[in-house]
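What follows is each chain in one-letter form.
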Amino acid sequence: AQSVSQHNHHVILSEAASLELGCNYSYGGTVNLFWYVQYPGQHLQLLLKYFSGDPLVKGIKGFEAEFIKSKFSFNLRKPSVQWSDTAEYFCAAGNMLTFGGGTRLMVKP
Amino acid sequence: GAVVSQHPSWVICKSGTSVKIECRSLDFQATTMFWYRQFPKQSLMLMATSNEGSKATYEQGVEKDKFLINHASLTLSTLTVTSAHPEDSSFYICSARDPGETQYFGPGTRLLVL
(Lines give C-alpha, C1' and ligand atoms only; values in the text may rest on other atoms or scores of the structure.)
Protein backbone atom coordinates (compact mmCIF):
# COMPACT_ATOMS: atom_id res chain seq x y z
CA ALA A 1 0.00 0.00 0.00
CA GLN A 2 1.16 3.48 -0.73
CA SER A 3 2.04 5.82 2.07
CA VAL A 4 3.36 9.31 2.49
CA SER A 5 5.15 10.53 5.57
CA GLN A 6 6.05 13.99 6.71
CA HIS A 7 8.43 13.85 9.61
CA ASN A 8 8.16 17.46 10.73
CA HIS A 9 4.80 18.02 12.38
CA HIS A 10 5.51 21.54 13.58
CA VAL A 11 8.13 23.97 12.37
CA ILE A 12 8.75 27.44 13.73
CA LEU A 13 11.01 29.81 11.85
CA SER A 14 11.88 33.46 11.87
CA GLU A 15 11.31 35.57 8.78
CA ALA A 16 14.04 35.26 6.17
CA ALA A 17 15.07 31.83 7.42
CA SER A 18 15.35 29.02 4.92
CA LEU A 19 12.76 26.27 4.88
CA GLU A 20 12.94 22.60 4.07
CA LEU A 21 10.02 20.28 4.79
CA GLY A 22 10.58 16.58 4.43
CA CYS A 23 8.34 14.21 2.52
CA ASN A 24 8.96 10.53 1.91
CA TYR A 25 6.73 8.22 -0.02
CA SER A 26 6.37 4.56 -0.75
CA TYR A 27 4.51 3.95 -3.92
CA GLY A 28 4.67 1.16 -6.42
CA GLY A 29 3.17 2.83 -9.45
CA THR A 30 3.78 5.96 -11.45
CA VAL A 31 4.97 8.62 -9.09
CA ASN A 32 2.86 11.73 -9.17
CA LEU A 33 3.91 13.98 -6.30
CA PHE A 34 2.30 17.13 -5.00
CA TRP A 35 2.65 19.77 -2.32
CA TYR A 36 -0.46 21.55 -1.17
CA VAL A 37 -0.75 24.45 1.27
CA GLN A 38 -3.66 25.32 3.52
CA TYR A 39 -3.57 28.84 4.90
CA PRO A 40 -5.56 29.50 8.06
CA GLY A 41 -9.26 29.43 7.28
CA GLN A 42 -8.71 28.67 3.62
CA HIS A 43 -8.91 25.61 1.41
CA LEU A 44 -6.09 23.54 0.04
CA GLN A 45 -4.14 25.12 -2.77
CA LEU A 46 -1.65 23.46 -5.07
CA LEU A 47 1.90 24.71 -4.58
CA LEU A 48 3.65 22.49 -7.10
CA LYS A 49 3.60 19.07 -8.67
CA TYR A 50 5.95 16.56 -10.21
CA PHE A 51 4.96 13.99 -12.81
CA SER A 52 8.17 13.47 -14.76
CA GLY A 53 11.14 15.30 -16.25
CA ASP A 54 13.32 17.77 -14.35
CA PRO A 55 13.38 16.56 -10.74
CA LEU A 56 13.67 20.11 -9.46
CA VAL A 57 10.21 21.59 -9.61
CA LYS A 58 9.43 25.24 -9.10
CA GLY A 59 6.04 26.23 -7.78
CA ILE A 60 4.19 29.34 -6.80
CA LYS A 61 5.25 31.86 -4.15
CA GLY A 62 8.93 30.99 -4.40
CA PHE A 63 8.59 27.35 -3.36
CA GLU A 64 10.44 24.50 -5.01
CA ALA A 65 10.74 20.79 -4.43
CA GLU A 66 13.23 18.17 -5.50
CA PHE A 67 12.32 14.63 -6.43
CA ILE A 68 15.08 12.23 -5.38
CA LYS A 69 14.10 8.80 -6.58
CA SER A 70 16.85 6.96 -4.71
CA LYS A 71 15.67 8.43 -1.42
CA PHE A 72 11.93 8.24 -2.18
CA SER A 73 11.80 11.87 -1.18
CA PHE A 74 10.13 15.03 -2.42
CA ASN A 75 11.20 17.75 -0.01
CA LEU A 76 9.77 21.24 -0.17
CA ARG A 77 12.10 24.22 0.06
CA LYS A 78 12.01 27.97 0.15
CA PRO A 79 15.18 30.04 0.58
CA SER A 80 13.60 32.84 2.62
CA VAL A 81 10.24 32.49 4.34
CA GLN A 82 7.81 35.27 5.09
CA TRP A 83 5.25 35.69 7.83
CA SER A 84 2.56 35.09 5.20
CA ASP A 85 3.91 31.56 4.66
CA THR A 86 2.40 30.54 8.00
CA ALA A 87 0.17 27.63 7.02
CA GLU A 88 -0.11 23.88 6.99
CA TYR A 89 1.70 22.06 4.23
CA PHE A 90 0.69 18.67 2.88
CA CYS A 91 2.67 16.35 0.70
CA ALA A 92 0.65 13.94 -1.42
CA ALA A 93 1.37 11.17 -3.88
CA GLY A 94 -0.34 9.10 -6.50
CA ASN A 95 -3.38 9.49 -8.70
CA MET A 96 -5.66 9.02 -5.72
CA LEU A 97 -3.70 11.46 -3.59
CA THR A 98 -2.49 9.74 -0.49
CA PHE A 99 -1.67 12.55 1.93
CA GLY A 100 1.05 12.89 4.47
CA GLY A 101 0.15 14.00 7.97
CA GLY A 102 0.88 17.64 7.27
CA THR A 103 3.41 20.08 8.67
CA ARG A 104 2.32 23.21 10.50
CA LEU A 105 4.68 26.06 9.73
CA MET A 106 4.70 29.16 11.86
CA VAL A 107 6.84 32.07 10.76
CA LYS A 108 7.60 34.64 13.42
CA PRO A 109 7.71 38.24 12.21
CA GLY B 1 -5.69 27.77 -11.15
CA ALA B 2 -8.87 25.83 -11.57
CA VAL B 3 -11.79 26.55 -9.26
CA VAL B 4 -13.85 24.06 -7.32
CA SER B 5 -16.80 25.17 -5.27
CA GLN B 6 -18.72 23.46 -2.49
CA HIS B 7 -22.13 24.19 -1.14
CA PRO B 8 -23.05 24.69 1.59
CA SER B 9 -19.96 25.91 3.37
CA TRP B 10 -21.38 24.89 6.70
CA VAL B 11 -24.49 23.11 7.89
CA ILE B 12 -26.03 22.27 11.25
CA CYS B 13 -28.62 19.54 11.37
CA LYS B 14 -30.48 17.36 13.82
CA SER B 15 -29.50 13.77 14.37
CA GLY B 16 -31.29 11.46 11.98
CA THR B 17 -31.65 13.89 9.11
CA SER B 18 -29.85 13.69 5.78
CA VAL B 19 -27.53 16.34 4.43
CA LYS B 20 -26.49 16.86 0.81
CA ILE B 21 -23.21 18.55 -0.10
CA GLU B 22 -22.52 19.69 -3.65
CA CYS B 23 -19.14 19.91 -5.31
CA ARG B 24 -18.73 21.72 -8.63
CA SER B 25 -15.79 22.25 -10.94
CA LEU B 26 -16.40 25.72 -12.29
CA ASP B 27 -14.02 26.04 -15.21
CA PHE B 28 -13.13 22.53 -16.26
CA GLN B 29 -14.73 19.15 -16.72
CA ALA B 30 -13.87 16.54 -14.16
CA THR B 31 -14.50 12.90 -14.92
CA THR B 32 -13.22 12.09 -11.47
CA MET B 33 -13.96 13.82 -8.21
CA PHE B 34 -12.92 12.84 -4.72
CA TRP B 35 -14.45 13.22 -1.30
CA TYR B 36 -12.29 13.63 1.78
CA ARG B 37 -12.90 14.00 5.47
CA GLN B 38 -10.62 16.04 7.67
CA PHE B 39 -10.65 15.73 11.42
CA PRO B 40 -9.33 18.57 13.60
CA LYS B 41 -5.57 18.91 13.37
CA GLN B 42 -5.32 15.87 11.12
CA SER B 43 -4.66 15.26 7.49
CA LEU B 44 -7.25 14.52 4.84
CA MET B 45 -8.58 11.02 4.58
CA LEU B 46 -9.98 9.86 1.28
CA MET B 47 -13.53 8.60 1.62
CA ALA B 48 -14.45 7.78 -1.94
CA THR B 49 -13.71 8.37 -5.58
CA SER B 50 -16.60 9.63 -7.65
CA ASN B 51 -16.60 8.74 -11.35
CA GLU B 52 -18.96 10.45 -13.74
CA GLY B 53 -21.65 8.11 -14.90
CA SER B 54 -20.67 5.17 -12.73
CA LYS B 55 -20.74 4.04 -9.13
CA ALA B 56 -18.39 5.58 -6.63
CA THR B 57 -15.46 3.64 -5.25
CA TYR B 58 -15.34 3.72 -1.47
CA GLU B 59 -12.27 3.40 0.72
CA GLN B 60 -12.11 0.65 3.28
CA GLY B 61 -14.17 1.44 6.34
CA VAL B 62 -16.43 3.99 4.66
CA GLU B 63 -20.09 2.99 4.65
CA LYS B 64 -21.42 3.40 1.14
CA ASP B 65 -25.04 3.33 2.33
CA LYS B 66 -24.36 6.15 4.73
CA PHE B 67 -22.33 8.35 2.41
CA LEU B 68 -24.15 8.36 -0.90
CA ILE B 69 -22.25 9.80 -3.83
CA ASN B 70 -23.73 10.85 -7.14
CA HIS B 71 -21.62 12.14 -10.02
CA ALA B 72 -24.33 12.94 -12.53
CA SER B 73 -22.37 15.34 -14.74
CA LEU B 74 -18.80 16.27 -15.57
CA THR B 75 -18.98 19.29 -13.28
CA LEU B 76 -21.05 18.12 -10.33
CA SER B 77 -20.71 15.50 -7.64
CA THR B 78 -22.88 15.28 -4.55
CA LEU B 79 -22.28 13.64 -1.19
CA THR B 80 -25.32 12.84 0.91
CA VAL B 81 -24.79 11.96 4.54
CA THR B 82 -27.84 9.86 5.35
CA SER B 83 -29.31 9.65 8.83
CA ALA B 84 -26.53 11.81 10.19
CA HIS B 85 -25.34 11.32 13.76
CA PRO B 86 -23.07 13.45 15.92
CA GLU B 87 -20.07 11.28 15.09
CA ASP B 88 -20.51 12.31 11.45
CA SER B 89 -19.69 15.89 12.39
CA SER B 90 -16.59 16.78 10.47
CA PHE B 91 -15.08 18.85 7.71
CA TYR B 92 -15.86 17.37 4.30
CA ILE B 93 -13.73 18.40 1.36
CA CYS B 94 -14.13 17.55 -2.29
CA SER B 95 -11.63 17.76 -5.08
CA ALA B 96 -11.88 17.52 -8.84
CA ARG B 97 -9.20 16.17 -11.10
CA ASP B 98 -8.58 18.09 -14.28
CA PRO B 99 -7.54 16.50 -17.59
CA GLY B 100 -3.93 17.15 -16.63
CA GLU B 101 -4.23 14.80 -13.64
CA THR B 102 -4.04 17.58 -11.05
CA GLN B 103 -6.57 17.72 -8.23
CA TYR B 104 -8.07 21.02 -7.19
CA PHE B 105 -9.82 21.30 -3.88
CA GLY B 106 -13.04 22.89 -2.79
CA PRO B 107 -13.24 25.11 0.29
CA GLY B 108 -14.85 22.39 2.38
CA THR B 109 -18.15 21.95 4.18
CA ARG B 110 -18.28 21.94 7.94
CA LEU B 111 -21.03 19.63 9.18
CA LEU B 112 -22.29 19.74 12.75
CA VAL B 113 -24.87 17.17 13.76
CA LEU B 114 -26.68 17.92 17.00
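Within each chain, residue numbers correspond to sequence positions counted from 1 in written order. Whichever chain is written first is A, and whichever ligand is written first is 1; the rest continue in order. Reporting of local features is limited, given that this is a predicted model, to residues whose pLDDT is at least 70; pairs of side-chain atoms are given and counted only at 80 or more, and all residues count toward the totals for whole chains, interfaces and linings. Each side-chain value is derived from all of the structure's non-hydrogen atoms; neither hydrogens nor water enter the calculation.

Visitor: Can you tell me about unusual backbone geometry, naming the residues and giving the values?
Guide: Across the junction of His 7 of chain B and Pro 8 of chain B, the peptide omega takes the value 0 degrees, indicating a cis bond. The residue Pro 8 of chain B is located in the loop between strand E1 (4-7) and strand E2 (10-13) in this model. Here Lys 61 of chain A, not a glycine, exhibits a phi torsion of approximately 60 degrees, which is positive. As for its position among the elements, Lys 61 of chain A is in the loop between strand E7 (56-58) and strand E8 (64-68). Relative accessibility thresholds used throughout: buried, under 20% of the residue-type maximum; exposed, over 50%; partly exposed, between the two (1.4 Å probe, protein chains only). According to the relative accessible area criterion, Lys 61 of chain A is partly exposed, its value standing at 44%. Positioned with a positive phi, Ser 83 of chain B is a non-glycine residue whose angle comes to about 45 degrees. In this structure, Ser 83 of chain B sits in the loop between strand E8 (76-81) and strand E9 (90-97). Secondary structure elements follow DSSP: runs of H or I of four or more residues count as helices, runs of E of two or more count as strands, with numbering from the N terminus.

Visitor: Quick rundown of the pattern of salt bridges? Include the residues and the values.
Guide: All names here are of chain A. Criterion for a salt bridge: a side-chain nitrogen of Lys or Arg within 4 Å of a carboxyl oxygen of Asp or Glu. Per the stated rule, a full pass over the model turns up 8 salt bridges over all chains. Across the pair Glu 64 and Arg 77 runs a salt bridge whose closest N-O atoms are separated by 3.4 Å. Separated by 13 residues along the polypeptide, Glu 64 in strand E8 and Arg 77 in strand E9 (residues 73-78) bring together distant segments of the chain. Given a relative accessible area of 18%, Glu 64 falls into the buried group. The partly exposed category is assigned to Arg 77, whose relative accessible area is 22%. One salt bridge in this structure joins Arg 104 and Glu 88, with 3.5 Å as the shortest N-O distance. Of this pair, Arg 104 sits in strand E12 (residues 103-108) while Glu 88 sits in strand E10 (residues 87-93), placing them 16 residues apart in sequence. Accessibility expressed as a relative area gives 34% for Arg 104, which makes it partly exposed. When its relative accessible area of 8% is taken as the criterion, Glu 88 is described as buried.

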